[in-house]
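Structural description and commentary
The primary structure of each chain is shown beneath.
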Amino acid sequence: MTPRRDQPAGAKRRDVRSRHIPVLLSGVLDTLRPEDGAWIIDGTFGAGGYSRAILEAAECSVLGLDRDPTALAAGAPLVEEFAPRLILVESTFGLLDEVAAREGFAPADGVVLDIGVSSMQLDEAGRGFSFQADGPLDMRMSRSGLSAADVVNMFDEGEIADILYELGEERRSRAVARAIVKRRGVQPFGRTLDLAEVVTRALGGRRQDKKSHPATRTFQALRIFVNDELGELKRGLVAAERVLKPGGRLVVVTFHSLEDRIVKRFFSGRSGIGPKGSRHLPEISNQFYEPSFQIVNRRPLTSEKGELDVNPRARSARLRAAIRTAAPAWANDAGSGGAG
């Protein structure tokens, strides 16, 4: 049942600990500032850590979105616990404005996005996201469309190399792609550890002085490609701009440079900060649009040592936030740093 804006705030909060502690939780709450009666969208529900914390922080309502049906099924007890203040919908966050309008959450007071793969997906070997445990080479968040196995078994060598270089920032992408194509000619790839082993050999084995696994960049690139994560991030930022009310807050947590760069450029562009000029090229500004966001933190918020000790995954997390102004939303293809 969808809570309406004229309904009471809902059931009392229960003192139940979440099994999942999300990254930069205190930073998200401090920046999002949930209040009683607020309407907040958690565009990346995952294991429900942010949604629970928001619901416990104030008598507000939360719309949680996730493209993964497994995550939504696991969130059913949380929906029951906080009924009627939590609604879960299967959707990509690139459509969050459409879902919010349908569910009575528009205009929204806040949007939070935690970009990338969830710990729940990484921990389940059967989803094929991790090279640490053997499982089917899948990586699809929605369980539909091309899988990672389809990419490495069907795409040509040049296409694979481009994916690894552009989305994984793998410097030796051509060597890895060449090794993948050579091996699949003998036997197609179907398992995660099989691919990880081939990549490791192509990169000269695992060195003891390296903290990360040699297959890290390859797996990251395949996951991002299969799920169109960067395209989805761009669509999600624009959708958040459309759905937020003046004064509404957009909080985004990213986990690698490609994501953070998109968010930084979007906020800079939408706040009216153009690329820096020089004596040869003057500073560029968008004269056709009023700033639709005001940046909260110029430098991204990162995890402190205490959190890193508990959750090593937080080491690459970056939090950026901005406040929606009263200006109309920009056109999708306007100067947004690639988020159009």
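Heads up: the structure comes first, above all this text.
Report on the accompanying structure.

1. Details of helix α2 (residues 49–57)
Among the 9 residues that make up α2, 7 are buried, leaving the element largely enclosed by the rest of the structure. Within α2, burial applies to G49, Y50, S51, R52, A53, I54 and L55.

2. Some words on unusual backbone geometry
A83 connects to P84 through a cis peptide bond whose omega is 0°. Positionally, P84 belongs in the loop between α4 (76–81) and β3 (86–90). Residue P107 follows A106 across a cis peptide bond; omega there is 0°. Assignment of secondary structure puts P107 in the loop between α5 (96–103) and β4 (108–114). The phi dihedral of E169 falls on the positive side, at around 55°, and the residue is not glycine. Among the structural elements, E169 can be located in the loop between α8 (157–168) and α9 (173–184). Overall, the relative accessible area of 29% leaves E169 in the partly exposed class.

3. Some thoughts on the environment of P291
Mapped onto the fold, P291 is located in the loop between α13 (257–270) and β6 (293–295). In this structure the C-alpha to C-alpha distance between P291 and R324, which are 33 residues apart in sequence, comes to 8.9 Å.

4. Topic: a negative patch on the surface
A cluster of like negative charges, contributed by D156, E157, E159, D162 and E166, occupies part of the molecular surface. The residue D156 is located in the loop between α7 (148–154) and α8 in this model. A residue is classified by how much of its surface remains accessible, and D156, at 42% relative accessible area, is partly exposed.

5. A word on the packing of α8 against helix α11 (residues 216–227)
Relative placement of two packed helices is described by the angle separating their axes and the distance separating the axes. α11 packs onto α8 with a crossing angle of 95° between their chain directions and a minimal axis gap of 8 Å. If you check the angle between α8 and α11, you find them roughly perpendicular. Taking contact as the criterion, the partners of I163, L164, L167 and G168 in α8 are, on α11, R217, T218, Q220, A221, I224 and F225. Here the residues of the contact of α8 with α11 are counted per class, giving 6 nonpolar, 3 polar and 1 charged.

6. Structural notes on the sheet that holds strand β5 (residues 244–254)
Across a sheet, paired strands are connected by hydrogen bonds in the backbone, their directions being either parallel or antiparallel. Sheet architecture is open: 7 strands sit in the order β3-β2-β1-β4-β5-β7-β6, paired in mixed fashion. Two strands in the sheet have a free side with no partner beyond their single neighbour: β3 and β6. Sheet twist, expressed as the mean angle between neighbouring strand axes with direction ignored, is 20°.

7. Here we look at α8
Along an α-helix, residues three or four apart share an orientation, since each turn contains 3.6 residues. Counted at 1.5 Å a residue, the expected span for α8 with its 12 residues is 16 Å, and the 16 Å between its end C-alpha atoms agrees. For α8, every residue scored as buried is listed here: I160, A161, I163, L164, L167 and G168. One side of α8 carries all its buried residues, which in axial view fall inside an arc of 170°. At the N-terminal boundary of α8, the capping side chain belongs to D156, with an oxygen 3.2 Å from the backbone nitrogen of G158. E169 sits one or two positions beyond α8 and adopts a positive phi of about 55°.

8. Comments concerning the packing of helix α1 (residues 25–32) against α2
As a packed pair, α1 and α2 sit with axes 11 Å apart at the nearest point and diverge in direction by 50°. The angle between the axes of α1 and α2 places the two elements in the oblique class. Crossing hand, α1 versus α2: right-handed. Every residue of α2 that contacts α1 at L25, V28, L29 and L32 is listed here: Y50, A53 and I54.

9. Things to note about the environment of R242
In this fold, R242 is placed in helix α12 (residues 229–243). A residue is classified by how much of its surface remains accessible, and R242, at 39% relative accessible area, is partly exposed. Considered as a pair, R242 and A106 are 136 residues apart in the sequence and their alpha carbons are 9.3 Å apart. Beyond its immediate stretch of four places on either side in the chain, R242 contacts D97, A329 and N332.

About the cut-offs
- Residues numbered from 1 in each chain as written.
- Predicted model: local features only at pLDDT ≥ 70, side-chain atom pairs only at ≥ 80, totals over all residues.
- Heavy atoms only, no water.
- Buried < 20%, exposed > 50% of the residue type's maximum accessible area, 1.4 Å probe, protein only.
- Helix = DSSP H or I, 4+ residues; strand = E, 2+ residues; numbered from the N terminus.
- Patch = residues over 30% accessible without salt bridge, like charges linked within 9 Å, V, L, I, M, F, W, Y side chains within 5 Å.
- Areas by Shrake-Rupley, 256 points an atom, 1.4 Å probe, with all protein chains shown as cover.
- Salt bridge = Lys/Arg side-chain N within 4 Å of Asp/Glu carboxyl O.
- Lys, Arg positive; Asp, Glu negative; His and termini not counted.
- Charge placed at Lys NZ, Arg CZ, Asp CG, Glu CD.
- Axes fitted to C-alpha atoms, helices over the stretch in contact; angles between N-to-C directions.
- Parallel < 35°, antiparallel > 145°, perpendicular 65-115°, else oblique.
- Contact = heavy atoms within 4.5 Å.
- Nonpolar A, V, L, I, M, F, W, Y, C, P; charged D, E, K, R; others polar.
- Pairing = 2+ DSSP bridges.
- Expected span 1.5 Å × (residues − 1).
- Arc of directions from axis to C-beta.
- Polar contact = N/O pair within 3.5 Å; in protein donor to acceptor, adjacent residues only side chain to side chain.
- Left-handed = near helix turned anticlockwise from the far one by under 90°.

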